[in-house]
Amino acid sequence: MNLSFFDQFASPSLLGIPLILLSMLFPALLLPMPNNRWINNRLATLQLWASHLMTKQLMTPMNKKGHKWALILVSLMIMLLLINLLGLLPYTFTPTTQLSMNMALAFPLWLATLLTGLRNQPSASLGHLLPEGTPTPLIPALILIETTSLLIRPLALGVRLTANLTAGHLLIQLISTATITLLPIMPTVSILTALILFLLTILEVAVAMIQAYVFVLLLSLYLQENI
Amino acid sequence: GPLPERRLMDVRLGELPAWLATCNFSPQGLLGGVRKAWSSYYDKYINVRRGGPAGISMLLAGYCLLSYGWNYQHISKISFLVSV
């Protein structure tokens, strides 16, 4: 059977039970269970420190009303971070390579920020469609451009995450196939390819973390415009 | 103690069918069993005073093995060094 490089993204299922459900629920196991202790175990302390760091980073530029979004944004970030990083382990499945899931995350959250702005401060929200200082003849064109850029935001959010992760996994699979295929033929080139694979894996770990951060950061920026 | 109240590790091999018969296989029963298994793993390996990477690493290794098993049907059909 020919190896198709896109087979790794097919949602795997065993006897009709999809693995995507398990892959999405598994990160919950890695998070600390709430207890009444004052000092937790090391894992819980580490994760608490990390989530405090994330919360401060995301919520500092936000005004008071935006702090109501702290829980959903930080938990979204933790979920995306863990899902992306778990996908780099061997044989695992990454749910965020599925466009359907990323669109399901991006579209409702973006729409929520937009509707919050339109409901609470409609003229200020619509005012974002025209940057300050535009020359008068350009105004109609710029409003069209800004509206398009506003409406394309959820698509961009979803596709950015999907494309980055899918491209990374595909590259890893291609280069590792090259390494293995070259091993009996040209061992030195195979070692070089293995070095590239090592560097690529480091890059993918970074990309996994950065993409989760960017997704949530952009959502918080869209929120800041509208709240 | 009596058979229904013993944990799986304390049940002898010959008593296993009898122990299985006393199990609660309803969804709540299974969920309770899963929760008990998870808390015993968590309390033994992760929720300790001076834990290290071992507790979580065992969990991740188990997850990798589970994913391998889930994908086995598909993976077993791939053959390397095939000239297309």
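Bear in mind that the values here come from a model prediction, so they are computed numbers and not experimental data.

### A closer look at the overall build of chain B
Part 1 of the reasoning: Assigned secondary structure in chain B consists of three helices and zero strands.
Part 2 of the reasoning: Helices (α) and strands (β) of chain B occur, in sequence order from the N terminus, as α-α-α.
Part 3 of the reasoning: Computed over C-alpha atoms, the radius of gyration of chain B comes to 19 Å, more than 25% over the 12 Å expected from 2.2 N^0.38 for 84 residues, which places it beyond the range of a compact globule.
Part 4 of the reasoning: Dimensions of chain B, computed from the C-alpha atoms along their principal axes, are close to 65 × 40 × 25 Å.
Part 5 of the reasoning: The buried share of chain B, reckoned over its 84 residues, is 21%.
Part 6 of the reasoning: Side-chain charges in chain B split into 9 positive and 4 negative, and the spacing between the mean points of these groups amounts to 10 Å.

### What to know about unusual backbone geometry
Part 1 of the reasoning: Despite not being glycine, Y91(A) shows a phi value in the positive range, around 70 degrees.
Part 2 of the reasoning: With respect to the helices and strands, Y91(A) occurs in the loop between α4 (70-86) and α5 (99-120).

### Points about the side chain of T113(A)
Part 1 of the reasoning: Relative to the helices and strands, T113(A) resides in helix α5.
Part 2 of the reasoning: Setting aside residues no more than four positions away along its own chain, T113(A) makes contact with W69(A), L219(A), Y222(A), L223(A) and N226(A).

### A short note on the domain arrangement of chain B
Residue and element names in this part refer to chain B.
Part 1 of the reasoning: Entries for chain B in the domain assignment read domain 1 (1-50) and domain 2 (52-83).
Part 2 of the reasoning: Between the C-alpha centres of domain 1 and domain 2 there is a distance of 26 Å.
Part 3 of the reasoning: In this complex, domain 1 contributes five residues to the contact, which on the side of domain 2 involves five residues.
Part 4 of the reasoning: In this assembly, domain 1 packs against domain 2 so that about 390 Å² is buried in total across both faces, 71% of it on carbon and sulfur atoms.
Part 5 of the reasoning: Remark: the boundary between domain 1 and domain 2 carries one residue pair in polar contact (both at pLDDT 80 or more).

The rules we used
- Residues numbered from 1 in each chain as written.
- Chains lettered and ligands numbered in written order.
- Predicted model: local features only at pLDDT ≥ 70, side-chain atom pairs only at ≥ 80, totals over all residues.
- Heavy atoms only, no water.
- Helix = DSSP H or I, 4+ residues; strand = E, 2+ residues; numbered from the N terminus.
- Rg over C-alpha atoms; globule rule 2.2 N^0.38 Å.
- Buried < 20%, exposed > 50% of the residue type's maximum accessible area, 1.4 Å probe, protein only.
- Lys, Arg positive; Asp, Glu negative; His and termini not counted.
- Charge placed at Lys NZ, Arg CZ, Asp CG, Glu CD.
- Contact = heavy atoms within 4.5 Å.
- Domains from an automatic or database assignment.
- Buried area = accessible area lost by both parts, 1.4 Å probe.
- Polar contact = N/O pair within 3.5 Å; in protein donor to acceptor, adjacent residues only side chain to side chain.

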